[in-house]
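The lines below spell out each chain.
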Amino acid sequence: MARAGLTVERIVAAAAELADEVGFDKLTLSAVARHFGVKDASLYSHVRSLGELRTRLALRAGEEMIDGIAAAVAGRAGKDALAAFAGAYREYVLAHPGRYAATQIRIDDSLRSLVAESGALRRTAEITYGMLRAYGLEEPDLTDAVRLLRSTFHGYCALEAAGGFNDPRDVQASWDKAVEALHAALTHWPRQKEKTDD
């Protein structure tokens, strides 16, 4: 394979494929270099470190994921939007386990400029919070609700991907019920009561 034509975009795309194949935790610069048939040093003019590569992969995966979610929720509100959001989230996790794992990393402060350039986190927040505002939630309830959704979706998908559901109950049926339960929780959210003078 020729060395010519290496770009940041091609390197990150190769890293995304490798992460899904071998696992994000096993992604190395050496593995990416072997993919292109070059030495590790050939990558350093495009990415400075494994940390930068992993961060770029995390942002790329985040963009892919939110693009799918945005398309799914477009024109929907309430329970329909929640179900579409949840379905697109789960679909991405199961189809791209390595890329999804990348989205869970903590971004090093020295690489924060990449986050600003990407806009993936901002767009994710806009779409997620926009969906939840349809339930009439405001801060701090919005943040609490986001955390509930993220932990539920992440936990369920992680268990499913690992084969953690052995009961004969259909996994899709349980997922649908979980989404219904989340809708009920959001609809009847225990809002913080305003303080009143005695």
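In this text, all values refer to a predicted model and were calculated from it rather than measured experimentally. (Residues numbered from 1 in each chain as written. Predicted model: local features only at pLDDT ≥ 70, side-chain atom pairs only at ≥ 80, totals over all residues. Heavy atoms only, no water.)

Undergrad: I tried to follow the nonpolar core on my own but got confused; where do I start?
TA: The nonpolar side chains of soluble globular proteins are, as a tendency, buried together. Judged by nonpolar contacts, the single largest core of 34 residues is most densely connected at Ile69, Leu82, Tyr89, Leu132, Phe153 and Leu186. Elements with a contribution of two residues or more to this core: helix 3 (50-73), helix 4 (78-95), helix 7 (120-133), helix 8 (141-161) and helix 9 (171-187). Leave out the neighbours within four places in its chain, and leucine 132 touches Leu137, Leu142, Ala145, Val146, Leu149 and Leu186. Among the nonpolar cores identified, the runner-up in size contains 23 residues, and Leu6, Ala19, Leu27 and Val32 belong to it. (Core = buried A, V, L, I, M, F, W, Y, C linked by side-chain atoms within 4.5 Å. Buried < 20%, exposed > 50% of the residue type's maximum accessible area, 1.4 Å probe, protein only. Helix = DSSP H or I, 4+ residues; strand = E, 2+ residues; numbered from the N terminus. Contact = heavy atoms within 4.5 Å.)

Undergrad: Explanation requested: the packing of helix 3 against helix 4 in the structure shown.
TA: In a pair of packed helices, the angle between the axes and the distance between the axes together describe the arrangement. At a minimum axis distance of 8 Å, the contact between helix 3 and helix 4 shows a crossing angle of 145°. Considering the relative orientation of helix 3 and helix 4, their crossing is right-handed. Packed against helix 3, whose contacting residues are Ala61, Glu64, Met65, Gly68, Ile69, Ala72 and Val73, the element helix 4 presents Ala81, Ala84, Phe85, Ala88, Tyr89, Tyr92 and Val93 at the interface. Counted by class, the contact of helix 3 with helix 4 contains 12 nonpolar, one polar and one charged residues. (Axes fitted to C-alpha atoms, helices over the stretch in contact; angles between N-to-C directions. Left-handed = near helix turned anticlockwise from the far one by under 90°. Nonpolar A, V, L, I, M, F, W, Y, C, P; charged D, E, K, R; others polar.)

Undergrad: Explanation requested: the pattern of salt bridges in the structure shown.
TA: Inspection of every chain in the model, using the stated rule, returns eight salt bridges. A salt bridge links glutamate 64 to arginine 60; the nearest nitrogen and oxygen atoms lie 3.3 Å apart. Of this pair, glutamate 64 and arginine 60 both sit in helix 3, four residues apart, roughly one helical turn. By relative accessible area, glutamate 64 is classed as partly exposed at 24%. In this structure, arginine 99 and glutamate 64 form a salt bridge, with 3.2 Å as the shortest nitrogen-oxygen distance. With arginine 99 in helix 5 (residues 97-102) and glutamate 64 in helix 3, this residue pair connects regions lying 35 residues apart in the sequence. Overall, arginine 99 belongs to the buried group, its relative accessible area being 12%. A single salt-bridge network, built from bridges that share partners, covers Asp20, Arg60, Glu64 and Arg99. (Salt bridge = Lys/Arg side-chain N within 4 Å of Asp/Glu carboxyl O.)

On their own, these measurements won't tell you what the molecule is for.
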